[in-house]
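A look at the structure
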Amino acid sequence: MSSSSSSQQSRIHAAGTARPMRRGVGAAGASVLPLVLLALQIAVGSPARAQAPAAAWDADHVAVAHTTVAHTTVPDLADAHITAADPAAPSPRAPLAATVTEGQVKEVAPGGVITYPSVTSCLTVTVRLRGGGLVGAHASLFQVPGELRSDQILPALKSLVGGRPVSRIEVRGAVGAWHPSYFTKAIESYADGEAVPVPSGQDFDGLARTVADGLGRARQVVTVQDVPDGDQIIR
């Protein structure tokens, strides 16, 4: 293990002295902080992390469309093109169903369904367009190889939504595992000697304000919900 990894682990163990947090919904009431700290330690040696078995979670909402956005690919701006005649129109190639895995941003047409698989320590951000479509992002605490880091998710989502009118923005997932700053500076971007922020509780308002600012939208349209681990199916 490199001296850089040893230093990062030292910062992680030091952060472990922060008071534990609890998830606020049903079976998710167990402490989340140990999971975050364990994930931090795992990430020092490998960027990949294990996926927990998913228990399906279904909401009465719609889905989010497909345009893979990774460091090797960029949003398909031709698909997401907005015409002056109808600024609320969905992407002409948006599918009716999409699976949005960690580090991805996709769009679905009106009436479509988005599935965010195995949401454990992650957050999902779903933008509901007034035209009926959905644009969604799956933010991961640690970067999945070939996909977006947590501090790249909101810029990519904003780019795909463009100037289309938005009715609501929904943030769901492991609220207690996330410090709002992870959306603006990913954990991987901290240098040796820098303290990585550790959440001290469920910061619903802080996350809502950060997402609103990152997407250039009003705070009032953003909601944040802590939900049990598992798949999120948005209809």
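A brief structural summary. Within any chain, residue numbers begin from 1 and follow the written order of that chain's sequence. Selection of residues for local features in this predicted model requires a pLDDT of at least 70, selection of side-chain atom pairs for listing and counting requires 80 or more, and totals for whole chains, interfaces and linings are taken over all residues. Only hydrogens and water are removed before side-chain values are computed, so all heavy atoms of the structure are retained for them.

Topic: unusual backbone geometry
In this model, Ser 118 sits at a positive phi of 50°, which is unusual for a non-glycine residue. Every helix listed is a DSSP run of H or I at least four residues long, and every strand listed is a run of E at least two residues long, numbered separately from the N terminus. Looking at the secondary structure, you find Ser 118 in strand E4 (residues 113–119).

A look at the sheet that holds strand E3 (residues 105–108)
Within a sheet, adjacent strands bond to each other through the backbone by hydrogen bonds, running parallel or antiparallel. Any two strands with at least two DSSP bridges between them are considered paired. Judged by pairing direction, the sheet is mixed, and its five strands sit side by side in the order E3-E6-E5-E7-E8 without closing on themselves. Both edges of this open sheet fall to E3 and strand E8 (222–226), since each of them pairs with a single strand only. Strand after strand, the sheet turns through a mean of 20° between neighbouring axes, direction not considered. When E3 meets strand E6 (residues 134–139), the two strands line up antiparallel, connected through four bridges. Opposite Glu 107, over in E6, you have Val 135 as the bridge partner. Contacts are residue-level and defined by heavy atoms, with any inter-residue pair within 4.5 Å sufficient. The axes used here are C-alpha line fits, helices contributing only the stretch in contact, and every angle between their N-to-C directions lies in the interval 0 to 180 degrees. Strands E3, strand E5 (123–129), E6 and strand E7 (166–173) of the sheet are contacted by helix H3 (residues 150–161), whose axis makes an angle of about 170° with E6.

Quick notes on the nonpolar core
In this description, a nonpolar core means a group of buried Ala, Val, Leu, Ile, Met, Phe, Trp, Tyr and Cys residues linked to one another through side-chain atoms lying within 4.5 Å. For every residue, the accessible area (1.4 Å probe, protein chains only) is compared with the maximum for its type, and the residue is labelled buried under 20%, exposed over 50%, or partly exposed between those bounds. Within the largest apolar cluster, 36 residues are counted, with the highest numbers of intra-cluster contacts made by Val 105, Val 127, Leu 157, Trp 178, Phe 183 and Val 211. Those elements giving two or more residues to this core turn out to be E5, E6, H3, E7, helix H4 (204–215) and E8. Per-element accounting of this core gives the leading share, six residues, to H3. When sequence neighbours within four positions are dropped, the list of residues in contact with Val 127 reads Gly 133, Leu 134, Val 135, Leu 157, Val 161, Val 166, Arg 168, Ile 169 and Leu 215. Ala 98, Val 100, Tyr 116 and Val 119 belong to the second-largest nonpolar core, a separate cluster that totals nine residues.

Side note on the environment of Ala 174
Within the element layout of this structure, Ala 174 appears in the loop between E7 and H4. Each C-alpha atom, one on Ala 174 and one on Cys 122, is 5.8 Å from the other, the two residues being 52 residues apart in sequence.

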